[in-house]
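Chain and residue survey
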There are 2 protein chains.
Amino acid sequence: MMELTRKGEYAIRGIVYLAAQPAEQVCLLSDIATAVDVPQTFLAKIFQQFSKIGLVRSYRGTGGGFVLGRAPERITLLEVVEAVEGPIVPNRCVTGEGECSRTSTCNAHPVWVNVQEQVRDILAKVTLKELAGNQD
Amino acid sequence: MMELTRKGEYAIRGIVYLAAQPAEQVCLLSDIATAVDVPQTFLAKIFQQFSKIGLVRSYRGTGGGFVLGRAPERITLLEVVEAVEGPIVPNRCVTGEGECSRTSTCNAHPVWVNVQEQVRDILAKVTLKELAGNQD
DNA sequence: ATAAACAGGACATAATTAGTCTTTTAGAGG
DNA sequence: CCTCTAAAAGACTAATTATGTCCTGTTTAT
Ligand code: SF4
Ligand code: SF4
């Protein structure tokens, strides 16, 4: 239960690698994929998602590649995970919608809300700077 | 990410219903399934798993059914969830095995260990007694 | 122009989820 | 002993999700 998918794991590895590079260093997808040991085509999809929401900036053509969208200390693990896995939802009933008719009376519901908050809180407090630290 | 499956949700609903009954009240699977709105054959599988590890006791034949295996205040939500969903593992690397070669140097690893601990802790502090409270 | 590199979409395969169905086993009652 | 009841067990199926690949297009530097 509650397992990060490979996509999520790859996403973290990829962007942490970027965060570990010198600022504004443009990196080739092929280099990142090799370095973090992820299929390049798969990582491409992941970085496209990052790019759309500005977590990374991409440059096409010769000399192109990827650069981190913001300073590493201003990107949290929560953002990275939610970018590719969607919101953290331990049970249907915490999506906000009328997903379960029992929500109003259910004693378990607040527990899941609590789990969601705690997990989000932990991930929100970790930045890419910390994750990229001393990769030497 | 991190979503409880229907099986897990059904498991909780089913055993909470049982916990809400008078002690030693034998309940028919068909009644439980109807009450908590779960396909009976599916719930059967779930209760078989409960039975194997003693969370419930089962009786066959006429007058048979299911009874809670221990007092509701001595069964935690964590036990119930892990019974049907397996251990709570937010990422492969916290299974204990040599699942990822980067574990020893990875800065993200301790974060997942932390997530696991926090979630387990929350679920372990909730008992069936609390979940079954005032179902009137 | 042309080659480098990312973007986007369609596709393929495997694994997991969410069940159903059928047969077997155990117990209660006549 | 016979039969009815109810759970146990295992085989099976359909739908969904995960995990990719492949092909074509677009942008950009030289
Ligand atoms: S925990 Fe309660 S509110 Fe949430 S899905 Fe289950 S029954 Fe519904
Ligand atoms: S978080 Fe780190 S240790 Fe865990 S699987 Fe990912 S790379 Fe490996």
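The sections below set out a description of the structure shown in this document. (Residues numbered from 1 in each chain as written. Chains lettered and ligands numbered in written order. Predicted model: local features only at pLDDT ≥ 70, side-chain atom pairs only at ≥ 80, totals over all residues. Heavy atoms only, no water.)

Looking at helix H4 (residues 77-85) of chain B
Residue and element names in this part refer to chain B.
- Burial analysis of H4 places 7 of its 9 residues in the buried class, which makes it a mostly covered element.
- Within H4, the full set of buried residues consists of Leu-77, Leu-78, Val-80, Val-81, Ala-83, Val-84 and Glu-85.
- Taken from the residues just after H4, Gly-86 is the one with a positive phi, measuring 85 degrees. (Buried < 20%, exposed > 50% of the residue type's maximum accessible area, 1.4 Å probe, protein only. Helix = DSSP H or I, 4+ residues; strand = E, 2+ residues; numbered from the N terminus.)

A word on the nonpolar core
- Core analysis: the largest hydrophobic core is formed by 94 residues, its most contacted members being Phe-50 and Trp-112 of chain A together with Phe-50 and Trp-112 of chain B.
- Those residues in contact with Trp-112 of chain A, other than ones at most four positions away along the chain, are Met-1, Met-2, Pro-90, Asn-91, Cys-93 and Val-94 of chain A together with Leu-4, Ile-12, Val-81 and Leu-123 of chain B. (Core = buried A, V, L, I, M, F, W, Y, C linked by side-chain atoms within 4.5 Å. Contact = heavy atoms within 4.5 Å.)

A few points about the site of ligand 2
- For ligand 2, the full set of nearby residues is Glu-9 and Arg-13 of chain A together with Asn-91, Cys-93, Cys-100, Arg-102, Thr-103, Cys-106, Ala-108, His-109 and Trp-112 of chain B.
- At the site occupied by ligand 2, nearby residues are drawn from chains A and B.
- Broken down by secondary-structure element, the contributors of at least two residues to the shell around ligand 2 are helix H1 (6-20) of chain A together with helix H5 (109-124) of chain B.
- Class assignment for the residues of the shell around ligand 2 results in 5 nonpolar, 3 polar and 3 charged. (Near = heavy atom within 4 Å. Nonpolar A, V, L, I, M, F, W, Y, C, P; charged D, E, K, R; others polar.)

Side note on the relation of the copies chain B and chain A
- Superposing chain B onto chain A takes a rotation of 180 degrees combined with a translation of 0.0 Å along the rotation axis, leaving an RMSD of 0.0 Å. These values place the two chain copies in the arrangement generated by a two-fold rotation axis. Proximity to the rotation axis, assessed at the C-alpha, singles out Met-2 of chain B in chain B; its C-alpha lies 1.7 Å from the axis.
- When the interface residues of chain B are mapped onto chain A, 100% of them are again interface residues, pointing to one common binding face. (Least-squares fit on C-alpha atoms with pLDDT ≥ 70 in both.)

The quantities given are spatial measurements derived from coordinates; they are silent on function.
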